[in-house]
Amino acid sequence: MFHKPHASSRNDAPSGVKAVLGPTNTGKTHLAIERLCAHSSGAIGFPLRLLAREVYDRVCKIKGEASVALITGEERIEPKNARYLLCTAEAMPVTDRSLAFVAIDEAQLAADRERGHVFTDRLLHARGREETMILGSSTIEPLVKALVPGVEVISRPRFSTLSHVGAKKLSRIPPRSAIVAFSTEQVYAIAEMLRRFRGGAAVVMGALSPQTRNAQVELYQSGEVDYLVATDAIGMGLNLDVQHVAFAGLSKYDGRRHRRLTTAEMAQIAGRAGRHQTDGTFGTLTGSGGHDSEFEPEEVYAIEEHRFPPLTKLFWREPEPRFDDLATLIADLEAPPERPELAPAPEAIDLAVLKRLADDPDVGGTVRGLAQVARFWDVCRLPDFRQQGSETHARFVARLWQDLRNGELGADYMAQQIAQLDRTGGDIDTLQGRIAAIRSWAYIAQRPDWVLARDEMAARARAVEARLSDALHGKLTERFINRRTAVLMKKLGPDAGLLSVRLEDEEVLVEGEHIGSLRGFGFQVDPGARLTDRKLLLAAAERHLPALLQKRADALAAAIHEGTAAITLEAGDLKWEGEKIATLSAGRSLLSPVLVPDRVLDAIPAPSRKALVAALEAWLIAALEPLAPLGKLDEASRSEDAGPDLRALLITLVDRGGMSAREDTAVDRLDKNRRTMLARLGVRVGALDLFVPGMLRPGPIALWRQLAKIAGRQAQGGEPDPAMPPAMDAGKRHRAPGYRNLGKQLIRLDMAEKLLREAHEARGTGPASRDFALDPARAVSMGLTTSSYARLLRLAGFQPVMPRPLAEEAHGPPAPVRWRWRPPRRQVEEARPQPVRTDGAFAALGELIGADRGR
């Protein structure tokens with residue numbers, strides 16, 4: 001029979017009906033829980049599965065789990081002797097008059113386009129045997145009075161004040177705030193920015209499972225993070241410790257169009273700020289975009305004073321349609337109400353699916369008889385957990401109906417469908433999609449006549465949802481929470497002195513969280529830290545690391561005095577553990593550089609820093625000890641006894657690393673006493689070069705080159721070979737310090753002097769014009785080629801004397817090449833490489849050397 005709301009057989013006498021109305025934070029839900037527990041039995045219907053679960057946990061602590069049931073579309077916990085039922089509005093019992101107390105929460109949702117008809121039906125018909133309580137906003141008061149005769153209206157004031165504070169940047173939002181957005185993308189974007197600025201945020205959305213939602217809320221409630229990013233689902237009674245609510249926007253898509261929130265909706269969300277006696281604030285985010293991102297003055301006034309226009313209509317749909325056939329069912333569901341306070345409910349998704357499938361002969365044509373029409377309607381009312389629209393949802397419902405119209409779903413089939421979703425890999429969106437899908441199968445498993453082995457399949461679905469929820473919570477936490485930054489944000493400030501900072505090897509731990517490492521005396525942020533984290537961690541390091549740096553500085557100073565410090569001098573920088581701790585700058589002379597501590601030492605407390613710098617200066621003196629031979633020359637160059645010629649020569653040698661071509665020094669102008677002084681200083685005067693033998697080693701040469709660069713003087717050549725061989729190919733080392741250039745080869749200065757000394761010994765003491773032979777064996781052993789040896793001899797004044805060629809028809813080996821020494825002129829040939837001669841004399845010299853090698 002078709003029923004109208006005023007004539008419904010379920011509308012018993014409204015005795016004991018109370019409407020407790022008022023804004024948020026008035027204790028309405030708390031009052032309902034108290035009244036529920038005061039009765040022998042009762043039920044409360046909530047707008048959200050999340051809220052039903054929250055109150056279920058509270059009542060269980062009061063009455064015990066054996067006495068309390070949780071009934072939602074996807075989850076049913078029903079102990080045998082349960083007397084207290086916590087339900088979603090859709091799942092709560094309506095006709096059962098055995099319960100002493102019944103309450104419906106958020107009754108103003110009867111004006112919601114999608115679910116309003118459900119709340120209207122519960123408002124009209126859900127009654128307790130002894131007491132009924134309607135909870136909601138004051139905006140529904142006129143309609144409650146009109147629809148529920150004899151109702152007692154109780155208005156409750158808000159416990160705390162709610163104030164508007166204007167717009168704030170996200171980086172300026174205070175701790176213990178909730179930021180409300182109206183799309184998943186916006187929620188993610190804001191949570192990501194909060195991770196950068198403040199260490200992270202908990203994320204709460206209606207699509208989350210209760211387990212994921214509770215885990216995320218616990219992150220916020222426990223104080224691990226100070227920010228919550230949520231959709232407008234936060235406005236439906238979720239009790240959180242929120243001091244400020246920031247709106248990322250003031251409009252949303254309501255399923256039909258994008259519209260601005262009503263002032264009542266704004267107040268419902270803003271009212272989450274401030275709990276009990278604690279005042280709260282609300283405002284908007286600057287830079288969130290859109291022309292509607294600021295509150296109008298009249299909206300601020302309405303929210304602060306809790307003054308909103310009353311509701312004029314509640315949506316209604318026939319709660320007990322006839323099931324004669326599909327056409328009758330649809331007609332009843334679309335029938336208008338007879339009361340002026342009620343309006344026909346907009347087409348919800350269950351009705352849209354029913355109409356779409358009724359027109360499909362392959363589906364609607366199979367529905368025959370009262371029982372099948374009723375069963376088909378139950379299948380069409382399957383909630384669209386996937387939120388993919390009526391067309392996609394209708395296809396899923398059609399497939400389900402094909403399996404259900406002739407019986408129940410088999411256990412194997414259900415187990416297979418559930419197992420396919422039991423995968424915890426993937427990103428956040430993938431996991432959310434699987435949770436939505438498993439919620440559909442959990443709903444199906446809860447139906448009393450749809451599934452074989454119902455209890456087992458429901459348990460499996462809940463277990464899979466729990467695993468997926470844990471995985472989703474882990475992904476949300478991993479993506480949107482940086483525990484390291486969150487810890488530092490909480491500890492920095494007045495309590496910074498209490499922050500636990502310790503050093504393990506080189507790793508810096510703050511409150512047990514790895515934030516970076518110490519390399520030398522420089523704090524290096526973990527490379528995985530983002531730019532904003534890097535600034536924050538550096539600030540923490542500057543505040544809390546001086547004590548650690550002081551210990552390191554004292555330990556390094558002690559190691560320097562003991563001679564065990566692993567300090568190196570590289571390119572004028574003193575380095576420890578690979579990091580620069582000081583640099584050298586030009587001093588009063590090339591050999592007296594000034595040590596300049598690096599800025600990384602500034603964080604060390606002054607006494608320890610001073611001691612460390614003194615130790616580094618002592619280390620530098622010891623490190624420059626290989627240049628002691630040059631130091632003698634430098635000191636002698638300041639002596640008045642040296643005379644101007646010798647002083648100029650010594651300065652030249654110091655600038656050139658203790659070696660110089662003889663023609664550049666004017667050594668021949670020195671008198672006997674000055675030559676004696678030069679010899680006592682360790683300078684060897686050779687035929688071609690002057691050099692200090694102690695400087696012909698890699699270490700002293702490398703040191704001198706660093707100091708020369710620091711002093712801004714030209715230090716030519718690449719690094720010398722560590723082995724300093726007697727001779728080597730020139731190549732890129734044609735200006736290597738300590739070597740004389742012989743064209744394609746280089747010869748070390750002391751080795752060149754040894755070869756030339758042997759040549760002079762071979763010529764004896766006779767006249768310069770006397771010819772003599774040379775044994776090239778030593779030159780060959782040094783690795784010199786024929787042309788290089790000949791060039792060296794020529795540079796020193798030796799000239800080859802070619803033998804007379806053999807007479808025609810004469811046979812025998814050619815006569816050996818002989819040499820003649822001529823004292824070089826004052827202006828000898830230039831030091832730059834000369835073209836190698838290929839005339840007969842050099843050819844003959846090559847044959848001679850080849851013959852000698854053959855022997």
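So, how was this worked out
- Residues numbered from 1 in each chain as written.
- Predicted model: local features only at pLDDT ≥ 70, side-chain atom pairs only at ≥ 80, totals over all residues.
- Heavy atoms only, no water.
- Helix = DSSP H or I, 4+ residues; strand = E, 2+ residues; numbered from the N terminus.
- Buried < 20%, exposed > 50% of the residue type's maximum accessible area, 1.4 Å probe, protein only.
- Contact = heavy atoms within 4.5 Å.
- Areas by Shrake-Rupley, 256 points an atom, 1.4 Å probe, with all protein chains shown as cover.
- Phe/Tyr/Trp six-rings, centres within 6.5 Å; stacked < 30°, edge-to-face > 60°.
- pLDDT = per-residue confidence, 0-100.
- Expected span 1.5 Å × (residues − 1).
- Axes fitted to C-alpha atoms, helices over the stretch in contact; angles between N-to-C directions.
- Parallel < 35°, antiparallel > 145°, perpendicular 65-115°, else oblique.
- Left-handed = near helix turned anticlockwise from the far one by under 90°.
- Nonpolar A, V, L, I, M, F, W, Y, C, P; charged D, E, K, R; others polar.
- Pairing = 2+ DSSP bridges.

## Concerning the overall build of the chain
Thought 1: Summing up its helical and strand segments, the chain has 27 helices and 34 strands in all.
Thought 2: Taken over 855 residues, the chain has a buried fraction of 49%.
Thought 3: Taking the contacts inside the chain whose residues are at least 6 apart along the sequence as the reference set, 69% of them involve residues at least 24 apart.
Thought 4: When the accessible surface of the chain is summed, it comes to about 39,300 Å², and 50% of that surface belongs to carbon and sulfur atoms.

## Some points on the packing of aromatic side chains
Thought 1: Within this structure, the stated rule accounts for eight aromatic pairs.
Thought 2: Ring geometry for F247 against F295: centres 5.3 Å apart, planes inclined by 90°, an arrangement best described as edge-to-face. Here the residue F247 occupies a position in strand β13 (residues 244–247), and F295 occupies one in the loop between β16 (280–285) and α8 (297–305), the gap between them amounting to 48 residues. In terms of burial, F247 and F295 fall into one category: buried.
Thought 3: Seen from their ring centres, F282 and F295 are 5.3 Å apart, and the 90° between their planes marks the pair as edge-to-face. Highlighted residues: F282 in strand β16 and F295 in the loop between β16 and α8, separated in sequence by 13 residues.

## Section: the confidence of the model for the chain
Thought 1: Per-residue confidence for the chain gives a mean pLDDT of 83, with 85% of residues at or over 70.
Thought 2: Ignoring residues within four places in sequence, the model shows residues 1–14, a span with pLDDT below 50, making 37 contacts including any to other chains.
Thought 3: Within the model, pLDDT remains below 50 along residues 493–499, and this stretch shows 11 contacts once partners closer than five positions in the same chain are excluded.

## As for the side chain of R176
Thought 1: You can see R176 is positioned in the loop between β9 (162–168) and β10 (177–180).
Thought 2: For R176, a relative accessible area of 11% corresponds to the buried category.
Thought 3: Residue contacts for R176: discarding those within four places in its chain leaves Y220, Q221, G223, V225, D226, D241, V242, Q243 and H244.

## Here's the deal with helix α11 (residues 369–380)
Thought 1: In this model, α11 (12 residues) spans 16 Å end to end at C-alpha, consistent with the 16 Å of a helix rising 1.5 Å per residue.
Thought 2: For α11, the complete set of buried residues consists of Q372, V373, R375, F376, W377, V379 and C380.
Thought 3: Residues of α11 that are buried sit in contact with α9 (326–333), α10 (349–358) and α12 (390–404).

## Concerning unusual backbone geometry
Thought 1: Within the chain, A571 stands out as a residue other than glycine whose phi angle is a positive 50°.
Thought 2: When you line up the elements, A571 lands in the loop between β23 (567–570) and β24 (573–576).
Thought 3: Judged by relative accessible area, A571 falls into the exposed class, the value being 73%.
Thought 4: The backbone of E577 shows a phi angle near 55°, a positive value even though the residue is not glycine.

## Here we look at the packing of helix α21 (residues 643–655) against helix α22 (residues 672–680)
Working note: a packed helix pair is described by the angle between its axes plus the distance between those axes.
Thought 1: At a minimum axis separation of 10 Å, α21 and α22 run at an interaxial angle of 30°. Here α22 runs roughly parallel to α21, going by the angle between their axes. In terms of crossing hand, the pair formed by α21 and α22 is right-handed. Residue-level inspection shows G643, L646, L649 and L650 of α21 in contact with α22, the latter providing R674, M677 and L678.
Thought 2: Grouping the amino acids of the contact of α21 with α22 by side-chain chemistry returns five nonpolar, one polar and one charged.

## What about the sheet that holds β23?
Thought 1: Taking strand neighbours across the sheet as the criterion, the four strands line up as β23-β24-β25-β26 in an open arrangement whose pairing is antiparallel. Looking at the sheet topology across the chains shown, the edges are occupied by β23 and β26 (594–597). Along the sheet, successive strands turn relative to each other by an average axial angle of 30°, direction set aside.
Thought 2: Strand direction decides the pairing type here: strand β25 (residues 579–585) and β26, joined by four bridges, are antiparallel.

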